[in-house]
Amino acid sequence: MKGNFSSMAFLTIDPIMQAIYSHPFNEDLIDGVLSIEKFVYYLQQDSLFLVDFARALAVGAAKMSDEKDTALMLHFAQQSIQAERELHALYFKQYRVPPAEFQGPAAFAYGSHLLERASLGSVAEGLAALLPCFWIYRQVGTHIRKLANMDNPYFRWIANYSGAEYSLLVDKAVDLMDRLAVSAGDEERDRMFAGFIMSSRYEFCFWDDAYHLRSWPI
């Protein structure tokens, strides 16, 4: 009997999660001492990445056999563009900075990975690659909120990913993933795990790029 896909996947990436929790970007975010320059770099890159994320969700929606699941995937795509873009816009206005024009290394690689999995893989493979972006952000947001003070300058970001509304969205994505995984064969599940793990690595790289203000070498 196959185990629950999401539970097994989350357990598999525990070392990656520990590295994400202890990354200096997130530790400084907890303490409220993260430099504005690094936070802005992160926001600018995230704003560009979300376009690829939403496109990958839309590709997955087109592959769904159930119209309710199609609508759910499109809802995920809409929320990623609308709700998170509004958060970005607030900070861009506060810090008086424009959105970035070009993706950095991690954002480009991560977005390309999601689009490749959504386009060339099965619908379950595509969602498995997308799931870390949902789940890891909830985990990180919840972790940081437990430790951060209310007067943290980045509390609005923290509250967004630790809130009940976002958590409900994540629960729906996890439930859909587990329903799709039930009918997946062994080889397909192996590809699902591989895509899930790779996306989790890219999540770490995304924060690492922001902390080091990483750009293209040439």
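Because the structure is a prediction, the values reported are computed rather than measured.

Procedures and definitions
- Residues numbered from 1 in each chain as written.
- Predicted model: local features only at pLDDT ≥ 70, side-chain atom pairs only at ≥ 80, totals over all residues.
- Heavy atoms only, no water.
- Helix = DSSP H or I, 4+ residues; strand = E, 2+ residues; numbered from the N terminus.
- Rg over C-alpha atoms; globule rule 2.2 N^0.38 Å.
- Buried < 20%, exposed > 50% of the residue type's maximum accessible area, 1.4 Å probe, protein only.
- Areas by Shrake-Rupley, 256 points an atom, 1.4 Å probe, with all protein chains shown as cover.
- Lys, Arg positive; Asp, Glu negative; His and termini not counted.
- Charge placed at Lys NZ, Arg CZ, Asp CG, Glu CD.
- Phe/Tyr/Trp six-rings, centres within 6.5 Å; stacked < 30°, edge-to-face > 60°.
- Lys NZ or Arg CZ within 6 Å of the ring centre and 35° of its normal.
- Salt bridge = Lys/Arg side-chain N within 4 Å of Asp/Glu carboxyl O.
- Core = buried A, V, L, I, M, F, W, Y, C linked by side-chain atoms within 4.5 Å.
- Contact = heavy atoms within 4.5 Å.
- Disulfide = S-S within 2.5 Å.

Examining the overall build of the protein
In step 1: Broken down by element type, the protein carries 10 helices and zero strands.
In step 2: Mapped from its N terminus to its C terminus, the protein presents α and β elements in the order α-α-α-α-α-α-α-α-α-α.
In step 3: Expected size for 218 residues packed as a compact globule is a radius of gyration near 17 Å; at 17 Å, the protein falls within 12% of this value.
In step 4: For the protein, the spread of C-alpha atoms along the principal axes amounts to about 50 × 35 × 35 Å.
In step 5: Taken over 218 residues, the protein has a buried fraction of 52%.
In step 6: Surface exposure of the protein reaches about 10,500 Å², of which carbon and sulfur atoms provide 57%.
In step 7: Of the side-chain charges in the protein, 19 are positive and 27 negative, and the distance between the mean point of each set is 3 Å.

Here we look at the packing of aromatic side chains
In step 1: Within the structure shown, the criterion is met by 23 aromatic pairs.
In step 2: Plain terms: the ring middles of Phe-5 and Phe-193 are 4.6 Å apart, the flat faces sit at 40 degrees to each other, and that makes the pair tilted. Taken together, the residues Phe-5 in helix α1 (residues 5-12) and Phe-193 in helix α10 (residues 186-211) connect sequence positions 188 residues apart. Each member of the pair, Phe-5 as well as Phe-193, is classed as buried.
In step 3: Directly above the aromatic system of Tyr-211 lies the positively charged group of Lys-38, at a separation of 3.6 Å from the ring centroid.

Section: the pattern of salt bridges
In step 1: For the structure shown, the criterion picks out nine salt bridges.
In step 2: Put simply, Asp-52 and Arg-55 hold a salt bridge, and the shortest N to O gap is 3.6 Å. Linking Asp-52 with Arg-55, this pair stays in helix α4 (residues 36-63), spanning three residues, or about one helical turn.
In step 3: Put simply, Arg-214 and Asp-208 hold a salt bridge, and the shortest N to O gap is 3.1 Å.
In step 4: You can call Asp-208 buried: its relative accessible area is 16%.

Section: the nonpolar core
In step 1: Counting residues in hydrophobic clusters, the biggest one holds 73 residues, and the most contacted among them are Phe-39, Tyr-42 and Trp-157.
In step 2: Examining the composition of this core, we find that 14 residues originate from one element, helix α7 (residues 123-147), more than from any other.
In step 3: Among all residues touching Phe-39, those that are not within four sequence positions of it are Phe-25, Leu-29, Leu-34, Tyr-91, Tyr-95, Tyr-154 and Trp-157.

Side note on the side chain of Glu-203
In step 1: Mapped onto the elements, Glu-203 comes out in helix α10.
In step 2: Of the side chains with opposite charge, Arg-201 lies nearest to the buried Glu-203, which makes no salt bridge, at 13 Å.
In step 3: The residues contacting Glu-203, other than those within four sequence positions of it, are Ile-20, Tyr-110, Pro-132, Cys-133, Ile-136 and Tyr-137.

A few points about the state of the cysteines
In step 1: Here the structure, examined in full by the defined rule, presents zero disulfides.
In step 2: Free of any disulfide, Cys-133 has its nearest neighbouring cysteine sulfur in Cys-205, separated by 14 Å.
In step 3: For Cys-205, a relative accessible area of 33% translates into the label partly exposed.

Remarks on unusual backbone geometry
In step 1: Of note, Arg-96 is a non-glycine position whose phi angle comes to about 55 degrees, a positive value.
In step 2: Tracing the chain through its elements places Arg-96 in the loop between α5 (67-95) and α6 (105-120).
In step 3: Positive phi, close to 50 degrees, is recorded for Leu-213, a residue that is not glycine.
In step 4: Relative to the elements of secondary structure, Leu-213 occurs in the segment after α10.

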